[in-house]
Amino acid sequence: MECFIATGRDKHGEEAPPAPRGRPPAGLSFKERMKRKLSTKRGRKAYARRKVTAEPVIGQVKNTVLPRFSLACAVHNLKKLWKQGWELPGLAAQAA
């Protein structure tokens, strides 16, 4: 499996920079290597496929399942805090 990870955001309608040629220079950081990889023709094509594979699923989950899921996560986290003895500072002052 080959990874293609976004390194930043591009503005819509902006022309892509020319694809790099040749071997990558030595000493590039991971982020610089990934940016170079994504700017190749093959990298742009592979990364563009996310529009039809992963992102629609994420949108559907957000619109249908996520509101209930987020509430369940919030309740779970509050329960964990309560079990550890955490109290809201304002409520502790009112009780005293």
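Structural data are supplied above this passage.
Every value quoted in this text rests on a predicted model; they were computed, and no experiment measured them.

## Re the side chain of R36
Within the secondary structure layout, R36 lies in helix α1 (residues 30-38). Buried within the structure, R36 lacks any salt-bridge partner; E32 is the closest side chain of opposite charge, at an N-O distance of 10 Å. Here the side chain of R36 touches G22 through a polar contact of 2.9 Å, landing on its backbone oxygen. A polar atom in the side chain of R36 sits 3.5 Å from the backbone oxygen of R23.

## Overview of the pattern of salt bridges
Enumeration over the complete set of coordinates arrives at 2 salt bridges. Put simply, K37 and E2 hold a salt bridge, and the shortest N to O gap is 3.2 Å. A residue pair is termed long-range when its members are at least 10 positions apart, and K37 in helix α1 and E2 in the segment before α1 qualify at 35 residues. Between E2 and R42 there is a salt bridge; the shortest N-O distance is 2.9 Å. Taken together, the residues span a long stretch of sequence, with E2 in the segment before α1 and R42 in helix α2 (residues 41-48) at a distance of 40 residues. Judged by its relative accessible area of 52%, R42 falls in the exposed class. Residues participating in the shared-partner salt-bridge network are E2, K37 and R42.

Rules used in this analysis
- In this convention, every chain numbers its residues from 1, walking through the sequence in written order.
- Totals for whole chains, interfaces and linings use every residue, but because this is a predicted model, local features are given only for residues with pLDDT of at least 70 and side-chain atom pairs only at 80 or more, for both listing and counting.
- Working from all heavy atoms in the structure, the side-chain values ignore hydrogens and water.
- Helix numbering and strand numbering both begin at the N terminus, where a helix is a DSSP run of H or I of at least 4 residues and a strand a DSSP run of E of at least 2.
- A simple rule labels every residue: compare its accessible area, found with a 1.4 Å probe on the protein chains alone, to the largest value its type can have, and call it buried under 20%, exposed over 50%, or partly exposed in between.
- Positive residues here are Lys and Arg, negative ones are Asp and Glu, while His and the chain termini are left out of the count.
- Salt bridge criterion: a side-chain nitrogen from Lys or Arg within 4 Å of a carboxyl oxygen from Asp or Glu.
- In the analysis that follows, any N or O atom pair within 3.5 Å is treated as a polar contact, provided that within protein one partner can donate a hydrogen and the other can accept it, and provided that, for residues neighboring in sequence, both atoms belong to side chains.

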